[in-house]
Amino acid sequence: MTTLRLRPEGPADTGPVRRVLAAAFARPDGTTPGEVGLVDELRGSPAWIPELAMVAEYGGEVVGYALLSRVQVKSDDARYPALALGPVGVAPHRQRVGHGAAVVQAALEAATELGERLVVVLGDPAYYRRFGFTRADRVGLTSPWSGLGEPWQALVLPPDVSGEPPPPAGEVVFPPPWSRV
């Protein structure tokens, strides 16, 4: 019986992750999707957290990917750490069998274990609601995507052992690679 293995991305996974994202976000004109370049750029930036780049492996093949990278919440004159979820992709031949949900859940659990408190995502509310995401404006978060309404979402993770509160309301500031997507 083949089982799904969830684990952090390793050095040998760069090519397979690129292939999964290219297939999951394929464009009709055949150009490389922006999500591929985003991950490549984030890997070399301070926003990269290796433990939070999660792959789903099935039968020895990387078939899914979920990335959590560092963003900041700007509130008054201070900045607080938070995470952005994305891109999330599954190889087309393994979609709709739960691999995407599994790899997202694994990434969120890893973030909780690291003591992270807040995750934002821009995506389908019906999909991300299952993980506990709600409209980001309900927790006072803004971003360049705030005007999209429901797809701009946030998740406050369970308290870590320190009991620290989540970052306060404010503007979510994304690292430069995000501006090119």
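As shown above, the structure is provided for reference.
Model, not experiment: these values are computed from the prediction. For every chain, the first residue of the written sequence is number 1, and numbering continues from 1 onward in sequence order. In keeping with the predicted nature of the model, local features appear solely for residues at pLDDT of at least 70, side-chain atom pairs appear and are counted solely at 80 or more, and the whole-chain, interface and lining totals rest on all residues. Here the side-chain values reflect all heavy atoms present in the structure, with hydrogen atoms and water set aside.

What follows is about the overall build of the protein. Summing up its helical and strand segments, the protein has four helices and nine strands in all. Note on conventions: DSSP H or I runs of at least 4 residues are helices, E runs of at least 2 residues are strands, and numbering of each starts at the N terminus. Ordered by position in the sequence, the α and β elements of the protein form the string β-α-α-β-β-β-α-β-α-β-β-β-β. As defined in this context, the radius of gyration uses C-alpha atoms, and a globule is described by 2.2 Å times the residue total to the power 0.38. The C-alpha atoms of the protein give a radius of gyration of 16 Å, which matches the 16 Å a tight globule of 181 residues would have. Looking at the protein alone, contacts between residues at least 24 apart form 67% of all its contacts between residues at least 6 apart. Roughly 9,000 Å² of accessible area belongs to the protein as shown, and the carbon and sulfur atoms make up 53% of that amount. Across the protein, 17 positive and 20 negative side-chain charges occur, with their mean positions spaced 5 Å apart. By the convention used here, residues are in contact when the closest approach between their heavy atoms is within 4.5 Å. Accessible surface is estimated by sampling points in the Shrake-Rupley manner with a 1.4 Å probe; for residues, cover comes only from the protein chains shown. Under the counting rule used here, the positive set is Lys and Arg, the negative set is Asp and Glu, and His together with the chain ends is not counted. Just so you know, the charge point we use is NZ for Lys, CZ for Arg, CG for Asp and CD for Glu.

In this section: the pairing of strand β3 (residues 61–75). Exposure is judged per residue with a 1.4 Å probe applied to protein chains only, and the accessible area is read against the type maximum: over 50% gives exposed, under 20% gives buried, and values in between give partly exposed. Counting buried residues in β3 gives 12 out of 15 residues, a clear majority hidden from the surface. Strand pairing is assigned whenever DSSP detects at least two bridges linking the two strands. Direction of pairing for strand β2 (residues 53–58) relative to β3: antiparallel, over a ladder of six bridges. In the sheet register, Met 54 faces β3, and the bridge partner there is Ala 66. Between β2 and β3, which pair antiparallel in sequence order, lie two residues; one of them, Gly 59, sits at a positive phi of approximately 60 degrees. Looking at chain direction, β3 and strand β4 (residues 78–90) are connected through 11 bridges and run antiparallel. Residue pairing in the sheet places Tyr 65 in a bridge with Gly 89 of β4. The hairpin formed by β3 and β4 contains two residues between the paired strands, and Asp 76 there has a positive phi angle of roughly 55 degrees.

Moving on, we come to the packing of aromatic side chains. For any pair of aromatic rings, the description rests on two quantities: the centre-to-centre distance and the angle between the ring planes. Stacked, edge-to-face and tilted are the three classes for Phe, Tyr and Trp ring pairs, Trp counted by its six-membered ring, which pair at centre distances within 6.5 Å; planes under 30 degrees apart are stacked, over 60 edge-to-face, the rest tilted. For the structure on display, the rule yields eight aromatic pairs. For the pair Phe 174 and Trp 178, a centre-to-centre distance of 5.4 Å together with 65 degrees between the ring planes defines the contact as edge-to-face. Trp 178 matches Phe 174 in its accessibility class, with the two residues each being buried. Over the ring of Tyr 58 we find Arg 94; its NZ or CZ atom is 4.0 Å from the centre of that ring. Charge-over-ring contacts are defined here by two conditions on Lys NZ or Arg CZ: a distance within 6 Å of the ring centre and an angle within 35 degrees of the ring normal.

Okay, the packing of helix α1 (residues 14–24) against helix α2 (residues 34–43) next. When two helices pack together, their arrangement is given by the angle between the helix axes and the distance between those axes. Put simply, α1 and α2 touch, their axes get as near as 8 Å, and they point 150 degrees apart. Between α1 and α2, the angle is such that the two are roughly antiparallel. Listed contacts from α2 to Thr 14, Val 17, Arg 18, Leu 21 and Ala 22 of α1 are Glu 35, Val 36, Val 39, Asp 40 and Arg 43. Class assignment of the residues belonging to the contact of α1 with α2 gives a composition of five nonpolar, one polar and four charged. Each axis is a line fitted through C-alpha atoms, and for a helix only the stretch in contact is used; angles between axes span 0 to 180 degrees, taken between their N-to-C directions. Small angles under 35 degrees read as roughly parallel and large ones over 145 as roughly antiparallel, with 65 to 115 read as roughly perpendicular and the rest as oblique. Any residue outside Ala, Val, Leu, Ile, Met, Phe, Trp, Tyr, Cys, Pro, Asp, Glu, Lys and Arg is labelled polar, Gly included; the first ten of those are nonpolar and the last four are charged.

Here α2 has its buried residues at Glu 35, Val 36, Leu 38, Val 39 and Leu 42. Along α2, the residues classed as buried sweep out an arc of 160 degrees about the axis, all on the same side. Looking at the buried side of α2, the elements it contacts are α1, β3 and β4. For this quantity, the arc is that covered by the directions from the helix axis to the C-beta atoms.

Turning to the nonpolar core, a few remarks are in order. Grouped together as the largest cluster of nonpolar side chains are 27 residues, with contacts concentrated most on Tyr 65, Val 120, Leu 141, Val 172 and Phe 174. Breaking this core down by element, the ones donating at least two residues are α1, α2, β2, β3, β4, β5 (118–122) and β8 (152–156). It is β3 that provides the largest number of residues to this core, a total of five residues. For the purposes of this section, nonpolar cores are sets of buried Ala, Val, Leu, Ile, Met, Phe, Trp, Tyr and Cys residues that join through side-chain atoms within 4.5 Å. Membership of the second largest hydrophobic core comes to 25 residues, among which are Ala 56, Val 63, Val 121 and Tyr 128.

A few words now on the environment of Leu 157. Counting through the fold element by element, Leu 157 comes out in the loop between β8 and β9 (170–173). Overall, Leu 157 belongs to the buried group, its relative accessible area being 4%. Separated by 129 residues in the primary sequence, Leu 157 and Pro 28 place their C-alpha atoms 37 Å from one another. Excluding anything up to four places from it in sequence, Leu 157 contacts Leu 108, Ala 111, Thr 112, Glu 116, Arg 117, Leu 118 and Val 119.

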